[in-house]
Each structure stands twice: as structure tokens, then as C-alpha cells.
Amino acid sequence: KSYNYIKGIMKNKYEEMTNLPEYIQIKEDIKILRANKNNEENKNNKEEVKKIEKQIKDKYSQLNNIQKEYGFYKMYFLSKEVYDSSLQRYSNFLDAGIIQSISERVWKSFESLLYGNGKEIHFIKYGNFNSLRGRNNESFLRYKIDSNELIIGRKNNEIAKLNKKNNTNKFDGQLRIEIKRNLKDDFETKAFANHKIKYCILKKEWVRKKQKFYLEIVFDGESPNAEKIRQQYNGCGTLGIDIGVQHMSTYNDRTLESKMFEMTEGCNNPHKQIAEVKRKMDRSRRVNNKQQFNQDGTIDKGKRCKKMSKRYWNLLLELKELYRKPAAKRELAWNIYSKRAVIESESIIIEDESYKEWQERFKEGKGKHKSKKHYGCYIENKAPSKGIGLIERKAAYANIPFKKVSVGEIKATQYNHITDTFDTEKKLTDRWNHDKRDTQRDLTSAMYLTCLNNGKIDQKIVNKKWKDFKISHDECIETKIKENKNGKLLLGAMGIQQRYPDIQLKSNNINAH
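Residues numbered from 1 in each chain as written. Predicted model: local features only at pLDDT ≥ 70, side-chain atom pairs only at ≥ 80, totals over all residues. Heavy atoms only, no water.

**Some details on the sheet that holds strand E5 (residues 197-207)**
Under the convention used in this document: Paired strands, as defined in this entry, are two strands with at least two bridges between them according to DSSP. In DSSP terms, a helix is any run of H or I states spanning at least four residues, a strand is any run of E spanning at least two, and both are numbered starting from the N terminus. Every angle, taken between N-to-C directions, lies between 0 and 180 degrees, and every axis is a line fitted to C-alpha atoms, over only the stretch in contact when it is a helix.
A sheet is described by the order of its strands in space; here three strands give the open sequence E1-E5-E6, paired in antiparallel fashion. Bordering the open sheet on either side are strand E1 (131-133) and strand E6 (210-219), each of which pairs with just one other strand. Ignoring strand direction, the axes of neighbouring strands in this sheet form an average angle of 15 degrees. One ladder, built from three bridges, connects E1 with E5; its direction is antiparallel. Paired with Ser131 across the strands is Lys203, a residue of E5.

Structure follows, in C-alpha cells:
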């Protein structure tokens, strides 16, 4: 309620600001200036481009001044003016620190609207506010190590004095909850022994149709996992990683190992079951809320579904569980691989892909049914960006250099070391180099990433490493074919079917890349 209350106040201010004629005029001027800058006449004229850039900067400074007048900057959201009115309404339940953290979350949503890709202001539904964060471990939400308790709320001193005098147990405004701790866990014991608690987060999750609450404690300093990774570290060589939508290809130039595998194998969402549950929910919603739907089955805008049956809520919990299980397995799989990748290498180089672009729909329909769908479903199943983030974090623990390389500048998949040129853009379905190299595209690009010099692929370094790579590449492909014969399904995106059409591969998805 406090989140929506603060957001509602700031939304009114935002609408008032955006309806100002000055604000609208500046926005239009910026659009015109950008169009002039990108004109073919002005592109080659450097002096004209500099003049336009200065004008654009002046316009943006004018916009920032208007935004500051209306309070659209971070420190204003954390000031008393914003959270004081909310504190007066909810002072019995929340304190200033928690309302300040809530207002910080509100600022992030407006920040994406003003400076990012945000388009609309969204409010949180009742019951969907799943976490509560304190500002420190001394205010409203705090954890006591001695008594192993989470204390929520303010203490009423008058009631506390009466309890001492009369030996009563009246509620004094503080809720005390005993926390279950795993005393055998080394991570917890080291964290509590060597680090101070910064703040606590109370989280709500639905697990097996039951509501569970977890306490997440944020400590000051470095994670105890960093020491573990440093102790287990025995890395050698640079690891080149070419990451796709469903599979990953890696090559280590010191151990001479080429690997190609499916990311988070066995962690896909059960899409058929999810679709069935959603259809059941839709039927239940339509039966109990006939007033919201027209005779042809379309939704009557402006009306809301008010009646939800017990069956509907049970189906909703079932749907949450169908999403939760694969997500937990996926996170575990990425944690295991990221730790292994960091321990076994001296440095890591990876292609920086834009996964948001892969989620966007096609402009024109493709295939038999002219589908405009892109690769959003595969990204949901594999979570590649999450995996990259975990590898980067654990590389920092072990003090290993981690480098992201832009795809547009290096073009590792298009590079040909024999001619030292870039091939024309190939289709995503074509995963094999049908030339003198005779190699799988993703494995070769992973090897090319280990041959960088001054931000470019060096042909001399590639020629030195090529013989060893070709041997390890062929061994990798042979093992994949053997695995397939033993009953393991291979992704069609690996391109083995293209190179060896005579071999009958049990592929689960031919155009999966």
C-alpha cells in the first residue's frame, strides 16, 4: 500500500510535468536535432555535427532543470517530503527506514521511464509485494545473533514497563520470530563470525502451494565463497566462450579442450502443463465473471474480475510451482558450471550478446504459419544472461580477468583465418563452416576469442593454435555422435546433422539456435 501510495503521488507530478508546453517543446526539439544529425548531408560535416551535439546537450540540461523542479531525482525520493506523508499513514506498521527503501524502489521505476526503456507506470497488485527491506540492522527490521531472533516493529516503552511490573506478556509493538539456522553450514558460520550485518530482507515465497518466509541477511565485506574459490583454484590458459540461445561452446588454449553442451540441461519449463493450467484458469475466470466479457468472448474494457473461486486459487498456486521448480534447478546448474569455469582457467573471454534483441518479435512472419515469434522461449528456459553474470562475479572472487567482447566489432563467427577476411553473414540455422576449415561455427569462434590481440583476431596466433584445436574439435564432435547413439538427444543447433546427413541423429530441435 505504501509503495502504491508514493507512486500515485509521483505519478500525478509526472503527468503535470509532461503536460507542460515547455517540456513538450524541448522533447520535439531534441527529436528534430537528432534527425538533422543523422542526415546524409551533415554526417560528413564534423563541425556541423559538433554544433548539433552542443545544442542537444543544452536541451537535455533544460529538461533536467524541469525534472529537478518537480523532484525527479534520487535524493528527493529519499527525502522527508516524499516518505513523510506515507509514514503518517502507516506509522503503526512501518518505520522511516523501510518507507525510504520502498521510495528508492519507486525511484528506480521512474528512472527507467525517464532515462531507460520504460513506457508506462505500473502499480503492484495487492498480495504481490513479496519482500521487505530495512535500511540497517538497528531500526524496524533487525536480526539479533545472540537470541537468534528477527525483531519486527517498534517497541512501546509504556507497555514494556507495565509488563515488567505486572509480569504480563501484552504485545509491546515488537514481533519476535525465531529463525531456523543451519549451524553445520560453513558459509553461515564464517559470515556471522567475520562480517557485520548491513541490513535484512524478509522474503515471501510459495513453495509446494504453501506460503514460506525467508530471512535474507546482507553482510558487509567479501563473500566467504571467495576464499573457497581461491583455495580450489588451479586454472591454466584462457577460456573462450561462445554462448548461444540453447547451447554453449568453449575452448581452453592450454588444456586443449573443446566442449559443446546444452546449457542448464533438464531445466526447461513444462510448457504443455503450463498451457493446460492457464486454460483451466481462464475458464474458471470466465464462468465466475460473466459481466466482464462480451458475447463474442472478448474482454469488456474497464471492468475487473472480482470473483475468484477456490479452484482458481489452487490452479494459480499450481502454476507458480510449475515455474518455481525449473528456476531453482536452473540457478543451481549455473552456479555449478560458473564455479568450474572459473577454477579451471586463468582468464575468460566471452561474446557480449544482446538477449533483449533476441526476445523481440520478427517484423514479418516466418515459416508455415508465418509466426513472428523469436527466441524468448529458449532464453526463458536457459537464462544465458544470468549465467554470464554468475561467471563474472565468481571470476572477480578469484581475481581472474573477465572480458566481454562486442559481437559487432570482432565478428568471431564470420571471421576466416585462412583468408584473414570476414565471410558474408550466414543464416542462424547454418552452424557449420563448409570450407577448408570443416569445423563447427561456435567452437571455432570460441577458439578465435582466445587469439585476440589489441581488440582484434590475430591470424598468426590462430595459425599456431589451429592444429591442436582441430584435433580437440574432432574429438568433441565424435563424443557427441556417440552420446546420441546411446540415447541422448542432441540439439539441431549444434550443426552435426548438417555435416553428417547420413548419420541418423535423434535431434530434439533442429532450428534451436
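There is more to say after this.
**Observations concerning the sheet that holds strand E2 (residues 141-144)**
Read from one edge to the other, the open sheet built from three strands follows the order E2-E3-E4, with strand pairing classed as antiparallel. For this open sheet the edge positions go to E2 and strand E4 (175-178), each flanked by a neighbour on one side alone. The mean angle between the axes of side-by-side strands here comes to 25 degrees, regardless of whether they run parallel or antiparallel. Note: strand E3 (residues 149-152) against E4, four bridges, orientation antiparallel.

**With respect to the layout of surface pockets**
This is how the line gets drawn: Cavity: a set of points on a 1 Å grid over the protein atoms alone where a 1.4 Å probe fits but cannot get out. Pocket: an open set with protein on both sides within 12 Å along at least five of seven lines, its lining residues, like those of a cavity, having an atom within 4 Å of a point. Grid points are joined across faces, edges and corners, and a volume is the space filled by probe spheres set on the points. When residues are grouped by polarity, Ala, Val, Leu, Ile, Met, Phe, Trp, Tyr, Cys and Pro land in nonpolar, Asp, Glu, Lys and Arg in charged, and all others, Gly among them, in polar.
Taken as a whole, the largest pocket spans an internal volume of roughly 1800 Å³. Surrounding the largest pocket, 46 residues form its lining, Phe187, Lys203, Leu215, Glu216 and Ile217 being those nearest its centre. Secondary-structure elements contributing two or more residues to the lining of the largest pocket are E4, helix H9 (186-194), E5, E6, helix H10 (224-232), helix H12 (310-343) and helix H15 (384-397). Considering each element in turn, the lining of the largest pocket owes the most residues, eight residues, to E6. Counted by class, the lining of the largest pocket contains 21 nonpolar, six polar and 19 charged residues.

**Here we look at unusual backbone geometry**
Heads up, the rule is: Burial here depends on accessible area, computed with a 1.4 Å probe over protein chains only, as a share of the maximum for the residue type. Under 20% is buried, over 50% is exposed, and the range in between is partly exposed.
You will see that Lys209, though not glycine, has its phi angle at about 65 degrees, which is positive. Its location among the elements puts Lys209 in the loop between E5 and E6. By relative accessible area, which is 41% here, Lys209 ends up partly exposed. The phi angle at Asp438 is positive, at roughly 55 degrees, despite the residue not being glycine.

**Observations concerning the nonpolar core**
Quick note on the threshold: Throughout this description, the term nonpolar core refers to a set of buried Ala, Val, Leu, Ile, Met, Phe, Trp, Tyr and Cys residues connected via side-chain atoms within 4.5 Å. Whether two residues are in contact is decided by their heavy atoms, any of which lying within 4.5 Å being enough.
One finds Tyr14, Met17, Phe72, Phe77, Phe110, Leu141 and Tyr143 to be the most contacted residues of the largest nonpolar core, which totals 36 residues. Those elements that provide at least two residues to this core are helix H1 (2-18), helix H2 (21-37), helix H4 (46-69), helix H5 (74-77), helix H7 (96-115), E2, E3 and E5. Counting residues per element, this core draws most heavily on H7, which supplies eight residues. Ignoring anything within four residues of it in the chain, the contact list for Leu141 reads Ile98, Leu132, Gly134, Asn136, Leu150, Ile151, Ile152, Cys200 and Leu202. Counting 28 residues, the second largest nonpolar core, distinct from the first, contains Met248, Val342, Tyr375 and Ala383.

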